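# Observations on the model geometry
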Amino acid sequence: MKVTVLPIIESEAIPAAPLAKVMNERLRRLAMELRDIHLNELETIEPMFEDLVIYIGYNTKYSIRWKIVNDVPSKIESIVADQCALLGYIRWKTPTLNSFHGR
């Protein structure tokens, strides 16, 4: 399974420029760590041709939030939820059903 974690930077959650740069770099680093360290076991799960795409970003209180944006088995979703909970990340709540493919 190919795991992709994308840092999503939203304009309403961006602080002043110097702090924004630090926070955005941190978000990119956390995205790589989530993919390469915390979810690396998913790379060996069959079928190898399937994808897992996760968005991470800040909420308005600057907590890290996450969201799976493609269809994956519930087992995979559970593994991601468990790992993100251990890291203190919160599930991304979207205001509309169509946001991020309805997830």
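First, a word on what this report is: a plain description of the structure on this page.

Rules used throughout
- Residues numbered from 1 in each chain as written.
- Predicted model: local features only at pLDDT ≥ 70, side-chain atom pairs only at ≥ 80, totals over all residues.
- Heavy atoms only, no water.
- Salt bridge = Lys/Arg side-chain N within 4 Å of Asp/Glu carboxyl O.
- Helix = DSSP H or I, 4+ residues; strand = E, 2+ residues; numbered from the N terminus.
- Buried < 20%, exposed > 50% of the residue type's maximum accessible area, 1.4 Å probe, protein only.
- Core = buried A, V, L, I, M, F, W, Y, C linked by side-chain atoms within 4.5 Å.
- Contact = heavy atoms within 4.5 Å.

Quick look at the pattern of salt bridges now. A complete count under the given rule lists three salt bridges for this structure. For the salt bridge of arginine 29 with glutamate 33, the shortest nitrogen-to-oxygen distance reads 3.1 Å. Of this pair, arginine 29 and glutamate 33 both sit in helix α1 (residues 17–38), four residues apart, roughly one helical turn. Its relative accessible area of 26% is what places glutamate 33 among the partly exposed residues. The partner of aspartate 36 in a salt bridge is arginine 35, with the nearest N and O atoms 2.6 Å apart. Among the residues examined, arginine 35 registers a relative accessible area of 26% and is labelled partly exposed.

Grouped together as the largest cluster of nonpolar side chains are 25 residues, with contacts concentrated most on Leu39, Leu42, Leu52, Ile54, Ile56, Trp66 and Val80. Elements with a minimum of two residues in this core: β1 (2–8), α1, β2 (51–58), β3 (64–68) and α2 (74–86). The residues touching tryptophan 66, leaving out its near neighbours within four places in the chain, are Ile54, Tyr55, Ile56, Val80, Ala81, Cys84, Tyr89, Ile90, Arg91 and Trp92.

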